[in-house]
Amino acid sequence: MLKTISLRATQCSYLCISSQKIITRGYVQQHQTRLFNIGNIVKRQRGYEKKELLGYSMQEMYSVVSDVTNYQQFVPYVKKSHVHSKHNDGFKADLIVGFPPLHEIYTSNVTLKSPTLVTSECKDGRLFDYLLNEWRFSPGLKDIPQSCLLDFKVHFQFKSLLHSNIANLFFDLICDQMEQAFVAEAKRRYGEASIKSHILSSKRS
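All figures in this text were calculated on a predicted structure; none of them were measured in a lab. The residue numbers shown here count from 1 along each chain, following its written sequence. Note on the predicted model: pLDDT of at least 70 is required for a residue's local features to be given, and 80 or more for side-chain atom pairs to be given and counted; whole-chain, interface and lining totals, by contrast, use all residues. To obtain the side-chain values, all non-hydrogen atoms of the structure were included, while hydrogens and water were left out.

**Comments concerning the packing of aromatic side chains**
Within a pair of aromatic rings, the relevant descriptors are the distance that separates the centres and the angle that separates the planes.
Then step 1. Between rings of Phe, Tyr and Trp, where Trp is taken as its six-membered ring, a pair exists when centres lie within 6.5 Å; planes separated by under 30 degrees are stacked, by over 60 edge-to-face, and by other angles tilted. Within this structure, the stated rule accounts for 6 aromatic pairs.
Then step 2. Note on Tyr71 and Phe182: the rings are 5.5 Å apart at their centroids and 75° apart in plane angle, and the pair reads as edge-to-face. Taken as a pair, Tyr71 in helix α3 (residues 71-74) and Phe182 in helix α5 (residues 171-190) lie far apart in primary sequence, 111 residues in all.
Then step 3. For Tyr71, a relative accessible area of 12% translates into the label buried.
Then step 4. An aromatic cluster of at least three residues, connected via ring pairs, comprises Tyr48, Tyr71, Phe74, Trp135, Phe152 and Phe182. Numbering of helices and strands starts at the N terminus; helices are DSSP runs of H or I of at least 4 residues and strands are runs of E of at least 2. With a 1.4 Å probe rolled over the protein chains alone, any residue whose accessible area is under 20% of its type maximum counts as buried; one over 50% counts as exposed, and the rest are partly exposed.

**Things to note about the pattern of salt bridges**
Then step 1. What makes a salt bridge here is a side-chain nitrogen of Lys or Arg within 4 Å of a carboxyl oxygen of Asp or Glu, nothing more. With the rule as written, the count across this model stands at 7 salt bridges.
Then step 2. Notably, a salt bridge pairs Asp151 with Lys51, separated by 3.1 Å at the nearest N-O pair. One end of the pair, Asp151, is in strand β7 (residues 148-158); the other, Lys51, is in strand β1 (residues 45-54), and 100 residues separate them in sequence.
Then step 3. We classify Lys51 as partly exposed; its relative accessible area is 25%.
Then step 4. A salt bridge links Arg136 to Glu134, with the shortest nitrogen-to-oxygen separation between them at 3.5 Å.

**A short note on the packing of helix α2 (residues 58-65) against α5**
Then step 1. Here an angle of 0 to 180 degrees is reported between the N-to-C directions of two axes, which are lines fitted to C-alpha atoms, with helices fitted over the stretch in contact. It is at 10 Å that the axes of α2 and α5 come closest, and there the two elements cross at 115°. As the angle between them shows, α2 and α5 are arranged roughly perpendicular. Considering only the axes of α2 and α5, their crossing is right-handed. Mapping the contact onto sequence places Glu60, Met61, Ser63, Val64 and Val65 in α2 and Phe182, Glu185, Ala186, Arg189 and Tyr190 in α5.
Then step 2. Considering only residue class, the contact of α2 with α5 consists of 6 nonpolar, 1 polar and 3 charged. Any angle from 65 to 115 degrees is called roughly perpendicular, while one under 35 is roughly parallel, one over 145 is roughly antiparallel, and all others are oblique. Each helix crossing is assigned a hand: it is left-handed if the near helix lies turned anticlockwise from the far helix by less than a right angle, otherwise right-handed if that turn is clockwise. By definition, residues are in contact when any of their heavy atoms lie within 4.5 Å. Nonpolar residues are Ala, Val, Leu, Ile, Met, Phe, Trp, Tyr, Cys and Pro. Charged residues are Asp, Glu, Lys and Arg, and all others, Gly as well, are polar.

**Remarks on the nonpolar core**
Then step 1. Ranked by internal contacts, the top residues of the largest apolar core, which has 37 residues, are Tyr71, Tyr106, Trp135, Phe137 and Phe182.
Then step 2. The biggest single contributor to this core is β7, with 6 residues.
Then step 3. Non-local contacts of Tyr106, meaning those with residues more than four positions away in its chain, are made with Ala93, Asp94, Leu95, Val97, Cys122, Leu127, Phe128 and Leu131. Throughout this description, the term nonpolar core refers to a set of buried Ala, Val, Leu, Ile, Met, Phe, Trp, Tyr and Cys residues connected via side-chain atoms within 4.5 Å.

**Section: empty space enclosed by the protein**
Then step 1. Within this scheme a cavity is a closed region of a 1 Å grid, computed over the protein atoms alone, that accommodates a 1.4 Å probe without allowing it to escape, whereas a pocket is open but has protein on both sides within 12 Å along at least five of seven lines; lining residues each have an atom within 4 Å of a point. Grid points are joined across faces, edges and corners, and a volume is the space filled by probe spheres set on the points. Within this structure, the stated rule accounts for 1 cavity of 30 Å³ or more.
Then step 2. There is about 690 Å³ of room inside the largest cavity.
Then step 3. Lining the largest cavity are 34 residues, and of these Tyr106, Phe128, Leu131, Asn133 and Met178 sit closest to its centre.
Then step 4. Of the residues contributing to the lining of the largest cavity, the split by class is 28 nonpolar, 5 polar and 1 charged.

Spelled out as structure tokens, the structure:
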């Protein structure tokens, strides 16, 4: 009798454990399926624009943004950056970006106009159908020289549906982290901001 009860308890325990595995596996598969099946409703094109008052001068912010050679040291998701093909208006740069375990390389054409403009454009890479980053700086408050207005925008479309899905899941986080990284680098180089940053407008599409 005791052996029968013990056997039934063991069987019950095994069935419970097996059920948990089935439920857990089903839960994981459900969320994996959701991640890779949202392509039908996901936006293939994304855009982000922001106007912000910063406590650093135009030249200071321009120096940080144009320092593409060192992007891997302070820009999130940039694993490596290599500047080459320099010309009068700027240069080309190869950048490796990604979220582990996804890493991709693309070439960007960077145009510089000190201290007012930095643009980065990619039209023919394996990663993007197109990518446009624009940083435009203008004078800030009249009585605070160490300030400037930033007009920032990024527009992109990935070639891969997988990359589009990932970008859409983390789009807001990526945009915020990227911009904050440049301001944080300005603080590391030039010290505390003269004023607290103020977002004047923002738009996501």
